[in-house]
Structure formats: C-alpha cells, structure tokens
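Each chain is listed here by its residues.
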Amino acid sequence: EDQVTQSPEALRLQEGESSSLNCSYTVSGLRGLFWYRQDPGKGPEFLFTLYSAGEEKEKERLKATLTKKESFLHITAPKPEDSATYLCAARDAGGTSYGKLTFGQGTILTVHP
Amino acid sequence: SAVISQKPSRDICQRGTSLTIQCQVDSQVTMMFWYRQQPGQSLTLIATANQGSEATYESGFVIDKFPISRPNLTFSTLTVSNMSPEDSSIYLCSVENGELFFGEGSRLTVL
C-alpha cells in the first residue's frame with residue numbers, strides 16, 4: 001500500500017529563517033510527486049510536480065527536490081504570507097486511477113514577522 | 001490551469017438528509033474527480049467522474065452513498081446521501097488539466 005509521510009507536523013519560523021519540509025514516500029513505481037499549498041478554508045493550490053530522482057523545481061521562495069525515497073520543499077527567506085499547510089502527494093504506476101493521489105498529512109507552516 | 005467553482009461552499013445539514021454538491025469548470029476537461037478531506041485528516045479520493053458512464057469508485061466508497069453525475073465535460077455533481085455526523089467533511093472537486101487542480105471545496109457539517 002502506498003504511503004506518504006510528512007515531517008514535521010508543524011513548523012514555526014521567523015521571517016527570513018530558511019528551512020525545509022520533508023516528504024517520505026513508499027510507492028510502487030512513482031508516477032509523480034506533487035506539492036500543494038492549502039490555506040484555511042481553501043482548496044489545495046498546485047505548486048510542483050516532480051517525476052524523477054534528481055529533479056528540482058523552483059517558484060519564488062520555494063524549491064522542491066526529489067530523491068528515490070523522499071522529497072524536500074525548501075523555503076528560502078520565508079515571509080508571513082508563506083504561512084499555510086503544505087501537502088505532499090504521490091501517484092503510483094500501479095494501474096490505479098490517474099487522479100488517485102496518496103496524500104500526506106501535511107506540514108502546517110507558520111512564519112512570524 | 002483551470003478555474004473550478006463549487007457550490008455550496010458550506011452547508012449545515014440534518015442527519016438523514018442528502019445534499020448535492022456542484023462542480024463547474026471553465027474549460028472542457030476529460031478527467032474529473034471527487035475527494036474528501038475529513039477534519040484533521042488528509043485528502044482521500046472518492047471516485048472518478050466519467051462523462052457518459054457510471055463513476056468509478058475507490059475502495060470504501062459506494063454509489064448508493066455517493067452518487068455522482070457527469071453530464072458533460074465541464075460539470076459534475078456529488079450527492080452525499082442519508083448523511084450522518086461522520087460525513088462532516090470538506091468535499092473537493094478536482095480536474096486533470098496538465099496537472100491536478102482542486103476547487104475551493106464544500107464544507108459540510110452534519111448535525
């Protein structure tokens with residue numbers, strides 16, 4: 001069974017204090033590792049998809065990386081508006097529905113001014 | 001990307017009643033899905049909404065409880081039937097349009 005585990009559950013940072021969020025996955029044939037941002041009362045907002053180990057993608061202060069067992073979301077010099085829950089999800093190649101992503105529990109990020 | 005609109009955004013329902021959630025997309029998409037996010041938990045796929053045929057349900061979800069319609073390539077509905085407090089969740093419509101995008105969600109509270 002596919003598993004996605006995110007750590008830490010919650011992270012508090014000072015504005016400008018860089019850090020990383022971790023996503024460990026156990027998936028039979030990874031067919032995409034996804035990162036989403038979710039604000040309270042909102043649906044998940046798509047950030048990145050990574051497909052192969054060694055791949056990196058960047059967007060503003062965020063950079064996502066992928067290895068064979070985990071993905072990291074690096075946040076450089078965060079601002080208070082980066083506060084949100086960050087969700088990691090994986091899609092396997094096992095013939096399941098294309099839309100079936102296995103989600104982690106999320107990391108709640110709070111950035112203090 | 002895709003603009004996905006869901007109605008209602010939130011509702012409070014009585015036990016034993018049913019509620020239908022609508023999902024409208026601003027462009028034609030082949031694949032639409034319904035997810036559930038229970039309080040304090042992560043997202044779980046309920047079913048794939050197939051245009052012109054019956055929805056494909058994931059393990060643990062059945063058509064009698066969550067009937068789905070998909071009359072065309074831009075619209076789908078999810079009904080939560082005979083609701084109980086355990087059905088209190090956020091229900092999310094999602095579409096595949098290059099990537100997998102989500103609507104804002106419909107927050108249901110069942111009393």
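We now turn to the structure provided with this report. (Residues numbered from 1 in each chain as written. Chains lettered and ligands numbered in written order. Predicted model: local features only at pLDDT ≥ 70, side-chain atom pairs only at ≥ 80, totals over all residues. Heavy atoms only, no water.)

Remarks on unusual backbone geometry
Link 1 in the chain: For the bond running from S7(A) to P8(A), omega is -10°, close enough to zero to count as cis.
Link 2 in the chain: Residue position: P8(A) is located in the loop between β1 (3-7) and β2 (10-14).
Link 3 in the chain: With omega at -5°, the peptide bond leading from K7(B) into P8(B) counts as cis.
Link 4 in the chain: Despite not being glycine, A77(A) shows a phi value in the positive range, around 45°.
Link 5 in the chain: Mapped onto the elements, A77(A) comes out in the loop between β8 (70-75) and β9 (84-92).
Link 6 in the chain: For A77(A), a relative accessible area of 35% translates into the label partly exposed.
Link 7 in the chain: At N82(B), a residue that is not glycine, the phi angle is positive and equals roughly 45°. (Helix = DSSP H or I, 4+ residues; strand = E, 2+ residues; numbered from the N terminus. Buried < 20%, exposed > 50% of the residue type's maximum accessible area, 1.4 Å probe, protein only.)

Some points on the nonpolar core
Link 1 in the chain: One finds Y36(A), F103(A), W34(B) and Y35(B) to be the most contacted residues of the largest nonpolar core, which totals 42 residues.
Link 2 in the chain: Sequence-distant contacts of Y36(A), that is, excluding residues within four places in its chain, are made with P44(A), E45(A), F46(A), L47(A), T85(A), Y86(A), L87(A), L101(A), F103(A), L100(B) and F102(B).
Link 3 in the chain: Residues W35(A), I75(A), A90(A) and L109(A) belong to the second largest nonpolar core, which totals 23 residues. (Core = buried A, V, L, I, M, F, W, Y, C linked by side-chain atoms within 4.5 Å. Contact = heavy atoms within 4.5 Å.)

Details of the interface of chain A and chain B
Link 1 in the chain: Between chain A and chain B, the residue contacts involve 19 residues of the former and 20 residues of the latter.
Link 2 in the chain: A salt bridge links K42(A) to E104(B), with the shortest nitrogen-to-oxygen separation between them at 3.7 Å.
Link 3 in the chain: Inspection of the region where chain A meets chain B yields seven residue pairs in polar contact (both at pLDDT 80 or more).
Link 4 in the chain: For the side of chain A that touches chain B, the elements supplying multiple residues, two or more each, are β4 (30-38) and β5 (45-50) of chain A.
Link 5 in the chain: Looking at the side of chain A that touches chain B, the element that brings in the most residues is β4(A), giving three residues.
Link 6 in the chain: Here the residues of the side of chain A that touches chain B are counted per class, giving nine nonpolar, eight polar and two charged. (Salt bridge = Lys/Arg side-chain N within 4 Å of Asp/Glu carboxyl O. Polar contact = N/O pair within 3.5 Å; in protein donor to acceptor, adjacent residues only side chain to side chain. Nonpolar A, V, L, I, M, F, W, Y, C, P; charged D, E, K, R; others polar.)

Points about the sheet that holds strand β3 (residues 19-25) of chain B
All names here are of chain B.
Link 1 in the chain: In space, the four strands of this open sheet follow the order β1-β3-β8-β7, with antiparallel pairing throughout. Every other strand in the sheet has two partners, leaving β1 (4-7) and β7 (68-72) as the edge strands with one partner each. Strand after strand, the sheet turns through a mean of 15° between neighbouring axes, direction not considered.
Link 2 in the chain: Direction of pairing for β3 relative to strand β8 (residues 75-80): antiparallel, over a ladder of six bridges. (Pairing = 2+ DSSP bridges. Axes fitted to C-alpha atoms, helices over the stretch in contact; angles between N-to-C directions.)

Overview of the state of the cysteines
Linking two cysteines covalently via their sulfur atoms produces the bond known as a disulfide.
Link 1 in the chain: Within the structure shown, the criterion is met by two disulfides over all chains.
Link 2 in the chain: The disulfide partner of C23(A) is C88(A), and the S-S distance across this bridge is 1.9 Å. On the S-S bond that ties C23(A) to C88(A), the torsion sits near -60°, and the link is left-handed. Of this pair, C23(A) sits in strand β3 (residues 19-26) while C88(A) sits in strand β9, and the two are 65 residues apart along the sequence.
Link 3 in the chain: Covalent S-S linkage joins C23(B) and C93(B), the inter-sulfur distance amounting to 2.0 Å. Measuring the twist about the S-S bond at about -65°, one finds the C23(B)-C93(B) disulfide to be left-handed. Taken together, the positions of C23(B) in strand β3 and C93(B) in strand β9 (residues 89-97) put the pair 70 residues apart, joining distant regions of the chain. (Disulfide = S-S within 2.5 Å.)

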